[in-house]
Amino acid sequence: MARKMKAVQVPKAQGPFEIVERDIPEPGPGQVRLAVEACGVCHSDAITKEGWMPIQYPRVPGHEVVGRIDRVGPGVTAWKEGEHVGVGWHGGHCGQCEACRVGDYVTCVVQQVCGISYDGGYAEYMVAPQDVLARVPEGMGSEDAAPLLCAGVTTFNSLRNMGVRQGDLVAVQGIGGLGHLAIQYARKLGYRTVAISRGGDKRQLALDLGAHEYVDTERGKASEALQKLGGARVIMVTASSSSLAGELIGGLGRNGTLLLLGAGTEPIQVHGLPMLLKRQRVQGWPSGNPQDSQETMAFSALAGVRSRNESFPIDRVAEAYERMMSNRARFRVVLKVR
Ligand SMILES: NC(=O)c1ccc[n+]([C@@H]2O[C@H](COP(=O)([O-])OP(=O)(O)OC[C@H]3O[C@@H](n4cnc5c(N)ncnc54)[C@H](OP(=O)(O)O)[C@@H]3O)[C@@H](O)[C@H]2O)c1
Ligand SMILES: [Zn+2]
């Protein structure tokens, strides 16, 4: 008889989290099975929970997964049992599948991403293709590593590819899971770092994380505050508010980039002439590949960048998710699975 495991599934779009007993899955050819130790709860898990994409249910969410390989399937040569690995968000940007060829990034996501296409890390075990694995650095704990597999790689990998120079002004809007890591990366990479948040609650926390300046959007326009500081070279937007993104463009300096990491459903309004004259751009960025995840973890270990987590046992998943969605988490919620 198959051994059983505990898993959290979403039975249908907008359905409740269900804690269920399932057979422990067997890895097929080219796959490995992970004994999951920790899984971060990302805002993008709402895609599975709320059904924002055409997902096949029931589905186990979770794409910030860290564990030990406990079985390898036939044909797996690169990985061994016992190795400490992670699986992050990987899909929607592969550029190689049929969907990408016709520009249908949602289908690429639905066919490839852990916790959307196949069952993810809100479970004691999961099976993943061998080519999505990232090695966790020696000495890094699973709860520390998990948020780096999506929140970490998205912010680090996007920022390191912006061509910013040391001393340039980098602003981070939204101090949540992504934002609190983005502040640390921006500071450690040598940029003048500005945190932008709503209200004063996170001021001290943002300064503790390394921000040089704090802008409270309830006390005035962030774009004006950024212009007073000389204009931003990069503004990392982590909220899914299109109106706010449009407003923030006014905070860019010459050659500035508005970097969209969270995206709203409404169009963003831009004024062409100032953008043209100041050579500005709006750019999006999807996480990264497994190599980028490894480099994110390695840099985090080297520079002392650490996710600040609130840990929950798997049975309290509904509370954990609500804590993240309601913006009360400081800053990443992580399910401690074993
Ligand atoms: N590009 C990618 O590959 C990628 C990867 C992961 C996640 N994401 C997306 O990135 C976004 C952030 O994810 P997360 O896990 O960091 O979420 P999170 O922990 O909930 O943080 C989002 C932050 O955005 C701010 N915010 C929320 N609603 C807002 C609003 N209406 N107006 C202004 N600010 C608002 C809040 O910061 P303050 O309280 O400080 O204002 C909040 O802490 C989500 O949309 C997620 O789906 C994208
Ligand atoms: Zn994510």
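If you're wondering where the values come from, they're calculated on a predicted model, not measured in any experiment.

1. Remarks on the domain arrangement of the chain
Phase 1 of the analysis: Looking at the assigned domains, one finds that the chain contains domain 1 (4-150 + 287-336) and domain 2 (162-284).
Phase 2 of the analysis: The C-alpha-based centres of domain 1 and domain 2 are spaced at 28 Å.
Phase 3 of the analysis: Residue-level contacts link 15 residues of domain 1 with 15 residues of domain 2.
Phase 4 of the analysis: Surface buried jointly by domain 1 and domain 2 totals about 1400 Å² across both partners, of which 62% is contributed by carbon and sulfur atoms.
Phase 5 of the analysis: Looking only at domain 1, the three residues that lose the most surface to domain 2 are Val 305, Arg 308 and Phe 331, adding up to 43% of its buried area.
Phase 6 of the analysis: Between domain 1 and domain 2 we count 0 salt bridges in total.
Phase 7 of the analysis: Between domain 1 and domain 2 we count 5 residue pairs in polar contact (both at pLDDT 80 or more) in total.
Phase 8 of the analysis: Considered class by class, the residues forming the side of domain 1 that touches domain 2 number 6 nonpolar, 5 polar and 4 charged.

2. A look at the coordination of the zinc ion (ligand 2)
Phase 1 of the analysis: The coordination sphere of the zinc ion (ligand 2) contains the protein donors Cys 42 (SG), His 63 (NE2) and Cys 150 (SG), at a distance range of 2.0 to 2.3 Å.
Phase 2 of the analysis: One chain supplies every donor to the zinc ion (ligand 2), and in sequence these donors are spaced C-x20-H-x86-C. A residue pair is termed long-range when its members are at least 10 positions apart, and Cys 42 in the loop between strand E3 (31-41) and helix H1 (46-50) and Cys 150 in the loop between helix H4 (142-145) and helix H5 (151-160) qualify at 108 residues. Exposure class is identical for Cys 42 and Cys 150. Each is buried.

3. A look at the UniProt feature "domain: Enoyl reductase (ER)" (unreviewed entry) in the chain
Phase 1 of the analysis: Here the UniProt feature "domain: Enoyl reductase (ER)" (unreviewed entry) sits at residues 15-335.
Phase 2 of the analysis: For residues 15-335, helix accounts for 29% and strand for 25%, while the C-alpha atoms at its two ends are 19 Å apart.

4. Brief notes about a nonpolar patch on the surface
Phase 1 of the analysis: Nonpolar side chains collect at one region of the surface, where Leu 273, Leu 276 and Leu 277 lie side by side and expose about 340 Å² of accessible area between them.
Phase 2 of the analysis: Along the chain, the position of Leu 276 falls in helix H10 (residues 272-277).

5. As for the state of the cysteines
Here, disulfide denotes a covalent bond that connects the sulfur atoms of two cysteines.
Phase 1 of the analysis: Inspection of the entire model under this criterion finds 0 disulfides.
Phase 2 of the analysis: Summary of cysteine pairing: Cys 108 is not part of a disulfide, and the nearest cysteine sulfur, belonging to Cys 100, is at 3.6 Å.
Phase 3 of the analysis: Cys 114 takes part in no disulfide bond, and the closest cysteine sulfur to it belongs to Cys 39, at a distance of 7.2 Å.

6. Some thoughts on the pairing of strand E5 (residues 84-87)
Phase 1 of the analysis: Of the two faces of E5, both are covered, the one formed by His 84 and Gly 86 as well as the one formed by Val 85 and Val 87.
Phase 2 of the analysis: Where strand E4 (residues 65-72) lies against E5, 4 bridges are found, and the strand directions are antiparallel. Within E5, the position partnered with Val 66 by the bridge is Gly 86.

7. Overview of the side chain of Lys 49
Phase 1 of the analysis: Considering the arrangement of structural elements, one finds Lys 49 in helix H1.
Phase 2 of the analysis: Here Lys 49 occupies a buried position and makes no salt bridge, while the nearest side chain of opposite charge, Glu 50, is found at 4.3 Å.
Phase 3 of the analysis: A distance of 2.9 Å separates a polar atom in the side chain of Lys 49 from the backbone oxygen of Gly 15.
Phase 4 of the analysis: The contact partners of Lys 49, leaving out residues within four places of it in the chain, are Val 10, Lys 12, Ala 13, Gln 14, Gly 15, Pro 16, Phe 17 and Tyr 321.

8. Regarding empty space enclosed by the protein
Phase 1 of the analysis: Counting across every chain of the model gives 2 cavities of 30 Å³ or more.
Phase 2 of the analysis: Reported here for the largest cavity is a volume of approximately 50 Å³.
Phase 3 of the analysis: Gly 86, Gly 88, Trp 89, His 90, Val 132, Ala 134, Leu 149, Gly 288, Asn 289, Pro 290 and Ser 293 together form the lining of the largest cavity.
Phase 4 of the analysis: Of the residues belonging to the lining of the largest cavity, the class tally is 5 nonpolar, 6 polar and no charged.
Phase 5 of the analysis: There is about 40 Å³ of room inside the second largest cavity.
Phase 6 of the analysis: Here the residues of the lining of the second largest cavity are counted per class, giving 2 nonpolar, 4 polar and 1 charged.

Definitions and limits used
- Residues numbered from 1 in each chain as written.
- Chains lettered and ligands numbered in written order.
- Predicted model: local features only at pLDDT ≥ 70, side-chain atom pairs only at ≥ 80, totals over all residues.
- Heavy atoms only, no water.
- Domains from an automatic or database assignment.
- Contact = heavy atoms within 4.5 Å.
- Buried area = accessible area lost by both parts, 1.4 Å probe.
- Salt bridge = Lys/Arg side-chain N within 4 Å of Asp/Glu carboxyl O.
- Polar contact = N/O pair within 3.5 Å; in protein donor to acceptor, adjacent residues only side chain to side chain.
- Nonpolar A, V, L, I, M, F, W, Y, C, P; charged D, E, K, R; others polar.
- Donors = N, O, S within 2.8 Å, 3.2 Å for Na, K, Ca; no water.
- Helix = DSSP H or I, 4+ residues; strand = E, 2+ residues; numbered from the N terminus.
- Buried < 20%, exposed > 50% of the residue type's maximum accessible area, 1.4 Å probe, protein only.
- UniProt positions renumbered as here; feature names shortened; annotations may be inferred.
- Patch = residues over 30% accessible without salt bridge, like charges linked within 9 Å, V, L, I, M, F, W, Y side chains within 5 Å.
- Areas by Shrake-Rupley, 256 points an atom, 1.4 Å probe, with all protein chains shown as cover.
- Disulfide = S-S within 2.5 Å.
- Pairing = 2+ DSSP bridges.
- Lys, Arg positive; Asp, Glu negative; His and termini not counted.
- 1 Å grid on protein atoms, 1.4 Å probe; cavity = no way out; pocket = protein on both sides within 12 Å on 5 of 7 lines; lining within 4 Å.
- Points joined across faces, edges and corners; volume = space filled by probe spheres on them.

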